[in-house]
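Understanding the architecture of this molecule
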Amino acid sequence: MRIGKKTAFAALVAASALVLAGCGGGDVVEEGAAPEAGGSGDGEMYVALVSKGFQHQFWQAVKTGAEEKAKELGVRVTFEGPAAETEIAQQLDMLTTAINSSPDAIGYAALDPEACVAPLEQAKSKDIPVVYFDAPCNGDVGLSLAATDSMVAGALAAEHMAELIGGSGEVGIVGHSQINSTGVERRDGFVEKIEADYPDITIVDIQYGDGDHLKSADIAKTMIAAHPDLKGIYGTNEGSAIGVVNAVKELGLEKGKLTIIGFDSGAAQIEAIKDGTMAGAITQDPIGIGARTVESAVAAANGETLDEFYDTGSYWYDADNIEDPKIAAVLYE
């Protein structure tokens, strides 16, 4: 089946989690550690996970969730990702290495939804089941996707931006990608919500900083200079949002003068919200994404039926609710 935009599968969210059993103790191999060949030759199930990156705290939290679920189910898991989310070739090399190690299943988060089609056809030819997390690959290989519904999350960011700026004015977006589905959908969810429900708000600019703090800061400073009446900026991931925060600090703007809304969590965003520089952000449940991915991979390896999409949720947090136990459970530093 073809796994496309995540919103197409929102109706298929599972009502309950699969309960699976395994044998032996789970362990996780980090970035750069080549998976051992042989898959489950020793009787222990082996799942290879290839993420979009490894540097952001989001991916570290996904890894934590995967590790915890692997230990619970008694499977061996490797977790790899390139140093930056622009390194598509490096990620594809990691995917190829994972396929050649003959795992019982593969979990994959696509940086480029087209570039991964051919390698995953190789996995299919070797009868290795593939599940996706965070972002799917095009083609018909993947059996399931565990991710945030990014269109819904982007719309949630738009609702809070509109409320905070009084329903009118100019806003901008500093995005992290025009290619992978999370970047596209977080942007489009925001844009479509503003255009549909807030006619007095104008999105004056959308630029892309690849999730890099420095590049995003430079973009934000240029955007602020070009639009002196700008009321708010939305950063679509951790690096984008912190770039905007850093730009405001470097420009010496008064806290709160520009409404900044971010995405994801991390120590820097949490601190920016607590000190009033950032108004709030959308957080995901990365630990839940990691856990659900391993759970789906094990189910696929056992020949069980999966839902096409598992929405792991999105949540608004700000200075007022950041200490709420329900919100604290999905924040990561």
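The following paragraphs examine the structure supplied in this document. (Residues numbered from 1 in each chain as written. Predicted model: local features only at pLDDT ≥ 70, side-chain atom pairs only at ≥ 80, totals over all residues. Heavy atoms only, no water.)

Time to look at helix H5 (residues 181–197). With 17 residues, H5 should cover 24 Å at 1.5 Å per step; its first-to-last C-alpha distance of 23 Å lies within 8% of that length. Taking burial as the measure, the 17 residues of H5 include 12 buried ones, the bulk of the element. Packing partners of the buried residues in H5 comprise helix H4 (150–164), strand S7 (169–175), strand S8 (201–208), strand S9 (230–235) and strand S10 (259–263). (Helix = DSSP H or I, 4+ residues; strand = E, 2+ residues; numbered from the N terminus. Expected span 1.5 Å × (residues − 1). Buried < 20%, exposed > 50% of the residue type's maximum accessible area, 1.4 Å probe, protein only. Contact = heavy atoms within 4.5 Å.)

Closest axis-to-axis distance for the helix H1 (residues 57–73)/helix H9 (residues 286–301) pair is 6 Å, and the angle between their directions is 45°. Put simply, H1 runs oblique to H9. Like other packed secondary-structure pairs, H1 and H9 cross with a definite hand, here right-handed. Counting all contacts with H1, which are made through Phe-58, Ala-61, Val-62, Gly-65, Ala-66, Glu-68, Lys-69, Ala-70 and Leu-73, the residues of H9 involved are Pro-286, Ile-287, Ile-289, Gly-290, Ala-291, Val-294, Glu-295 and Val-298. (Axes fitted to C-alpha atoms, helices over the stretch in contact; angles between N-to-C directions. Parallel < 35°, antiparallel > 145°, perpendicular 65-115°, else oblique. Left-handed = near helix turned anticlockwise from the far one by under 90°.)

The next thing to look at is the sheet that holds S7. If you trace the 6 strands from one edge of the open sheet to the other, you get S8-S7-S9-S10-S11-S13, paired in mixed fashion. Of all the strands in the sheet, the pair left with one neighbour each is S8 and strand S13 (315–318). Going from strand to strand, the sheet's axes swing by 20° on average, the running direction of each strand aside. Most of the contacts of helix H8 (residues 267–274) go to S13, to which it runs at about 55°, and overall it touches S10, strand S11 (280–283) and S13. (Pairing = 2+ DSSP bridges.)

With that out of the way, let us pick up the state of the cysteines. Think of a disulfide as a covalent bridge from one cysteine sulfur atom to another cysteine sulfur atom. Under the criterion given, the structure shown has 1 disulfide. Two residues share a disulfide in this structure: Cys-116 and Cys-137, whose sulfurs sit 2.1 Å from each other. Where Cys-116 bonds to Cys-137 through sulfur, the torsion about that S-S bond is close to 120°, and the disulfide is right-handed. Of this pair, Cys-116 sits in the loop between strand S4 (105–108) and helix H3 (117–125) while Cys-137 sits in the loop between strand S5 (130–133) and strand S6 (145–147), placing them 21 residues apart in sequence. Since its relative accessible area comes to 0%, Cys-116 is described here as buried. Look at Cys-137 and you get buried, because its relative accessible area is 0%. (Disulfide = S-S within 2.5 Å.)

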